[in-house]
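Close look at the chain arrangement
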Amino acid sequence: MPEGHTLHRLAKLHHKRFAGGQVRVWSPQGRFAEGAALIDGQVLTKADAWGKHLLHHYDSGLVVHVHLGLYGKFTESPAPLTDPVGEVRMRMIGAGRSGAAFGTDLRGPTACEVLLEPEVDALTARLGPDPLRRDADPDRAWHRLSRSQRPIGALLMDQKVLAGVGNVYRAEVLFRHGISPHRPGKQLSREEWQAIWDDLVELMKIGVRRGLMHVVRPEHDHGAPSYAADRPRTYVYRRAGDPCRLCGTAALHTVMEGRNLFWCPTCQAH
């Protein structure tokens, strides 16, 4: 599932390409036909993101909410676009303030729906602070973390606690701070939480800029290759059984609350 930096990167791209101009919107697949008809021909005023949720705001007050889920993906192209290929839920074509026409196709999202602003407010009220938003308040997350017996590895993935963090950032930021994913949230110190938050802010900003998650510090970015040819190295994510890049201990894997978890039992003993 795409993590928060992917949605923020998409929001920046869509705002740059479409905001300030009318957009044509339709649903070649048909599943979003009614929603598309409500916004077709309107002016996109803003595209932004909160956690793993992308929001397209229109001058009518309507908002298109997209959650990519496990399989959703946008494909971007200069206009004119060729005929749709596959199950395209939503197609957008428009030219923003730059005057250059672009299009984007959305396939396979978990959610693609039209909301009113109060519904958007209700959606975001259910989400924790997003490290990539300027208005984020890390104390909101700390209030829940510091009172919970759940393991920190689960709390970081709970979008009601912290929005936008997924499996990779969860595993890697805990490794970078030497914290066991099994430690109860209430045993985390305020200073440890602030260090984790600050690190997530920086790491996720890098993800927005580069389009990839760079989580290994430069002095450790050598040795065994990444888990995939097109991905930067990780410390522990998808490295079960491989030697830790720092201590050589085999990285471990388990399932925590339905999601794969990776950690080093030596570097993250506490």
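Residues numbered from 1 in each chain as written. Predicted model: local features only at pLDDT ≥ 70, side-chain atom pairs only at ≥ 80, totals over all residues. Heavy atoms only, no water.

1. Structural notes on the packing of helix 4 (residues 138-145) against helix 7 (residues 190-210)
- Orientation of helix 4 relative to helix 7, taken along the N-to-C sense of each, is 135°, at an axis distance of 11 Å. Classified by the interaxial angle, the pair formed by helix 4 and helix 7 is oblique. Read as a crossing pair, helix 4 and helix 7 show a hand that is right-handed. Of the residues in helix 7, those in contact with Pro138, Asp139, Ala141, Trp142 and Leu145 of helix 4 are Arg190, Trp193 and Trp197. (Axes fitted to C-alpha atoms, helices over the stretch in contact; angles between N-to-C directions. Helix = DSSP H or I, 4+ residues; strand = E, 2+ residues; numbered from the N terminus. Parallel < 35°, antiparallel > 145°, perpendicular 65-115°, else oblique. Left-handed = near helix turned anticlockwise from the far one by under 90°. Contact = heavy atoms within 4.5 Å.)

2. With respect to the pattern of salt bridges
- Throughout the structure, instances matching the rule amount to 14 salt bridges.
- Here Arg17 and Glu76 are joined by a salt bridge, their closest N and O atoms 3.9 Å apart. You can see Arg17 sitting in helix 1 (residues 4-18) and its partner Glu76 sitting in strand 5 (residues 73-78), a full 59 residues away along the chain.
- Between Glu192 and Arg183 there is a salt bridge; the shortest N-O distance is 2.8 Å.
- On the basis of relative accessible area, Arg183 is assigned to the buried category, the value being 13%. (Salt bridge = Lys/Arg side-chain N within 4 Å of Asp/Glu carboxyl O. Buried < 20%, exposed > 50% of the residue type's maximum accessible area, 1.4 Å probe, protein only.)

3. Digging into the domain arrangement of the chain
- What the domain assignment reports for the chain is domain 1 (4-126) and domain 2 (138-263).
- The C-alpha-based centres of domain 1 and domain 2 are spaced at 30 Å.
- Contacts between the two partners involve 10 residues from domain 1, matched on the other side by 15 residues from domain 2.
- Between domain 1 and domain 2 lies a buried interface of about 900 Å² when both sides are counted; carbon and sulfur atoms form 58% of it.
- In terms of surface lost to domain 2, no three residues of domain 1 exceed His5, Arg9 and Lys52, which account for 59% of the buried area on that side.
- Along the contact surface separating domain 1 from domain 2 lie 4 residue pairs in polar contact (both at pLDDT 80 or more). (Domains from an automatic or database assignment. Buried area = accessible area lost by both parts, 1.4 Å probe. Polar contact = N/O pair within 3.5 Å; in protein donor to acceptor, adjacent residues only side chain to side chain.)

4. Examining the layout of surface pockets
- For the largest pocket, the calculated volume is near 650 Å³.
- For the largest pocket, the lining is made up of 23 residues, of which Met1, Pro2, Met213, Tyr227 and Arg231 are closest to its centre.
- Of the residues contributing to the lining of the largest pocket, the split by class is 11 nonpolar, 6 polar and 6 charged.
- Here the lining of the largest pocket gathers at least three residues from each of two domains, domain 1 (4-126) and domain 2 (138-263). (1 Å grid on protein atoms, 1.4 Å probe; cavity = no way out; pocket = protein on both sides within 12 Å on 5 of 7 lines; lining within 4 Å. Points joined across faces, edges and corners; volume = space filled by probe spheres on them. Nonpolar A, V, L, I, M, F, W, Y, C, P; charged D, E, K, R; others polar.)

5. Let's talk about the pairing of strand 3 (residues 53-58)
- Of all 6 residues making up strand 3, 6 are buried, and the element is well covered by its neighbours.
- Neither face of strand 3 is left uncovered, since the one carrying His53, Leu55 and His57 and the one carrying Leu54, His56 and Tyr58 both have all their residues buried.
- Linkage of strand 2 (residues 44-50) to strand 3, two consecutive antiparallel strands, is achieved through a turn of 2 residues, within which Gly51 is found at a positive phi near 60°.
- Across 5 bridges, strand 3 lies against strand 4 (residues 62-67) in antiparallel orientation. In the sheet register, Leu54 faces strand 4, and the bridge partner there is Val66.
- The turn linking strand 3 back onto strand 4 is made up of 3 residues, and Gly61 within it adopts a positive phi angle of 95°. (Pairing = 2+ DSSP bridges.)

6. A closer look at a positive patch on the surface
- Taken together, the side chains of Lys12, Arg134, Lys205, Arg209 and Arg210 make up a positively charged region of the molecular surface.
- In terms of residue count, helix 7 provides more of the positive patch than any other element does, 3 residues in total.
- With respect to the secondary-structure elements, Arg210 resides in helix 7. (Patch = residues over 30% accessible without salt bridge, like charges linked within 9 Å, V, L, I, M, F, W, Y side chains within 5 Å. Areas by Shrake-Rupley, 256 points an atom, 1.4 Å probe, with all protein chains shown as cover. Lys, Arg positive; Asp, Glu negative; His and termini not counted. Charge placed at Lys NZ, Arg CZ, Asp CG, Glu CD.)

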